Amino acid sequence: ITQSRNARSHTRIHRNGGAEVKNAANTDPKSVQSSLIEDFHELDDSPFVMFVGPVGAGKSTIMNTLFGDPSISSSGTSLGGKTQKNVVKVMAEGLLANHVLIDTPGLGDLKQSEAAAANIEMALMYNKKYEVIFVIPVNSGRIRAEDIGYVNSVIASVKVPFEYGVIFNRVPKSFASSNGRTLIQHLAICATKRPKKVMFIRFDDKMNDADNVLYSGELQQKIEEFVSSVTKIKIAPDMVQKVMLASFREIERLKSMMRELDGKLANQQQKDQAKKKDKSLMWGILGTSVIAAAAAAAFLIGGRKRHANP
């Protein structure tokens, strides 16, 4: 338990990294379920919000922003400044008042992947109403097949229908709305379940490679509104299975699907541009015809007036 003086949070941080669960990769999550629930016995009706995503996606920054405290998630970090344990904290006010927020370890680290997956599985063992938010970084206007694989891995581990939200983080400033639609289509087609809601957070140069930073107050409100809008679903412990990370073959399959989709979208874009060009040409010809007709009419009317008044 670590004390916090921030007004937006209760003075409690539970880290799934104590003596009984320190080596999460070698621990059966069900064996520690009762101790985890006991820590939050006074929050029986509180929804749980989980932030899941790859290493460095910005989950901790988003959670810190919601609490208005840059040090919230640092209590669950170790070497390299990356979250290595589940940081669990309770909101005290706002739209997420009495919600339990969980910052899970980043997936994708070669040395920590199994431990991260075990911590995510463990976080789903509270027998509560859950909301899962996947944080996916955007690099050069694209998302990785590996990140979609993480989404599919967590979805497959929960044997009850549930909705989830996606935050596309660090979106380039030059990002167009059509690029956003492409990202959503990639996820909608390649993920085993479509996201219910999505949000885009623009890249901020001031926050690049910086530790313990927060997004602006306006963005804090938008994130809070987004998180609160995703439907919560009750997940019982017996509905949770081991989080199995996607295999190399599965990642290659997802990459192939994304390439195929890119090709279809490019072809469709060329057709749309050709139609637009043809339409513009048609209106140009029509406009020229109208102008010519108007000029001819004016000439005829002028000629009649001259004959009428010699």
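Please read all numbers here as calculations on a predicted model, not as lab measurements.

Here we take up the overall build of the protein. Each helix and strand in the protein was counted, giving seven helices and eight strands. In the protein, which comprises 310 residues, the proportion classed as buried is 43%. Just so you have it, the protein exposes about 16,600 Å², and 53% of that area is on carbon and sulfur atoms.

What follows is about the nonpolar core. Counting 44 residues, the largest nonpolar core has Tyr-164 and Phe-168 as the members making the most contacts within it. Counting residues per element, this core draws most heavily on helix H4 (residues 145-157), at six residues. Not counting the four nearest positions on each side in its chain, Tyr-164 is found in contact with Val-132, Phe-134, Val-151, Ile-155, Leu-187, Ala-191, Lys-193, Arg-194, Pro-195, Lys-196, Lys-197 and Val-230.

A separate point is the environment of Ala-115. Relative to the assigned elements, Ala-115 resides in helix H3 (residues 113-123). By relative accessible area, Ala-115 is classed as buried at 16%. Along the primary structure Ala-115 and Pro-105 are separated by 10 residues, whereas in three dimensions their C-alpha atoms are 8.4 Å apart.

Moving on: the packing of aromatic side chains. Applying the stated criterion to the full structure yields five aromatic pairs. Seen from their ring centres, Phe-168 and Phe-200 are 5.1 Å apart, and the 20° between their planes marks the pair as stacked. Here the residue Phe-168 occupies a position in strand S6 (residues 164-171), and Phe-200 occupies one in strand S7 (residues 197-202), the gap between them amounting to 32 residues. Exposure remark for Phe-168: the relative accessible area of 0% places this residue in the buried category. Note on Phe-200: relative accessible area 33%, which makes it partly exposed. Judged by centre distance (6.3 Å) and plane angle (40°), the rings of Phe-175 and Phe-200 are tilted. One end of the pair, Phe-175, is in the loop between S6 and helix H5 (177-190); the other, Phe-200, is in strand S7, and 25 residues separate them in sequence. By relative accessible area, Phe-175 is classed as buried at 10%.

For the rest of this paragraph, the subject is H4. Over its 13 residues, H4 extends 19 Å from the first C-alpha to the last, a length consistent with the 18 Å expected when each residue adds 1.5 Å. Where burial is concerned, most of H4 is hidden: 11 out of the 13 residues are buried. Restricting attention to buried positions, one finds in H4 the residues Ala-145, Asp-147, Ile-148, Gly-149, Tyr-150, Val-151, Asn-152, Ser-153, Val-154, Ile-155 and Ser-157.

Turning next to the layout of surface pockets. Reported here for the second largest pocket is a volume of approximately 400 Å³. Lining the second largest pocket are 18 residues, and of these Ser-178, Asn-179, Thr-182, Leu-265 and Gln-269 lie nearest its centre. Where the lining of the second largest pocket is concerned, the elements lending two or more residues are H5 and helix H7 (248-308). In terms of residue class, the lining of the second largest pocket is built from four nonpolar, 10 polar and four charged.

This paragraph deals with unusual backbone geometry. You will see that Ser-140, though not glycine, has its phi angle at about 55°, which is positive. Here Ser-140 shows up in the loop between strand S5 (129-137) and H4. Classification of Ser-140 by relative accessible area gives exposed; the value is 76%. Of note in this structure, Arg-170 is not a glycine but carries a positive phi near 60°. Here Arg-170 shows up in strand S6. The exposure class assigned to Arg-170 is partly exposed, which follows from its relative accessible area of 33%.

Okay, the packing of helix H2 (residues 59-67) against helix H6 (residues 217-229) next. Interaxial distance between H2 and H6 falls to 9 Å at its minimum, and their mutual angle equals 100°. Regarding the angle of H2 to H6, the classification is roughly perpendicular. Two secondary-structure elements touch here, H2 through Ile-62, Thr-65, Leu-66 and Phe-67 and H6 through Gln-220, Ile-223 and Glu-224. The residue makeup of the contact of H2 with H6, split by class, is four nonpolar, two polar and one charged.

Once that is clear, we can look at the pairing of strand S3 (residues 87-91). Both faces of the sheet carry side chains from a regular strand, because those side chains alternate between them. Of all five residues making up S3, five are buried, and the element is well covered by its neighbours. Burial along S3 is two-sided: the residues Val-87, Lys-89 and Met-91 and Val-88 and Val-90 are all buried.

Below, the discussion takes up the pattern of salt bridges. Inspection of every chain in the model, using the stated rule, returns nine salt bridges. The network of salt bridges with shared partners includes Glu-146, Glu-252 and Lys-255.

Burial within H2 is extensive, with eight of its nine residues counted as buried. Buried residues of H2: Lys-59, Thr-61, Ile-62, Met-63, Asn-64, Thr-65, Leu-66 and Phe-67, and no others. Positioned one or two residues after H2, Gly-68 has a phi angle of 65°, which is positive.

Next up on the list: the confidence of the model for the protein. Per-chain confidence: the protein averages 77 in pLDDT, with 69% of residues scoring 70 or above. The low-confidence segment residues 1-5, where pLDDT is below 50, has 12 contacts with residues more than four positions distant or belonging to other chains. Every residue in residues 75-81 scores below 50 in pLDDT, and together they form 15 contacts with partners more than four places removed in sequence or on other chains.

Thresholds applied
Residues numbered from 1 in each chain as written. Predicted model: local features only at pLDDT ≥ 70, side-chain atom pairs only at ≥ 80, totals over all residues. Heavy atoms only, no water. Helix = DSSP H or I, 4+ residues; strand = E, 2+ residues; numbered from the N terminus. Buried < 20%, exposed > 50% of the residue type's maximum accessible area, 1.4 Å probe, protein only. Areas by Shrake-Rupley, 256 points an atom, 1.4 Å probe, with all protein chains shown as cover. Core = buried A, V, L, I, M, F, W, Y, C linked by side-chain atoms within 4.5 Å. Contact = heavy atoms within 4.5 Å. Phe/Tyr/Trp six-rings, centres within 6.5 Å; stacked < 30°, edge-to-face > 60°. Expected span 1.5 Å × (residues − 1). 1 Å grid on protein atoms, 1.4 Å probe; cavity = no way out; pocket = protein on both sides within 12 Å on 5 of 7 lines; lining within 4 Å. Points joined across faces, edges and corners; volume = space filled by probe spheres on them. Nonpolar A, V, L, I, M, F, W, Y, C, P; charged D, E, K, R; others polar. Axes fitted to C-alpha atoms, helices over the stretch in contact; angles between N-to-C directions. Parallel < 35°, antiparallel > 145°, perpendicular 65-115°, else oblique. Salt bridge = Lys/Arg side-chain N within 4 Å of Asp/Glu carboxyl O. pLDDT = per-residue confidence, 0-100.

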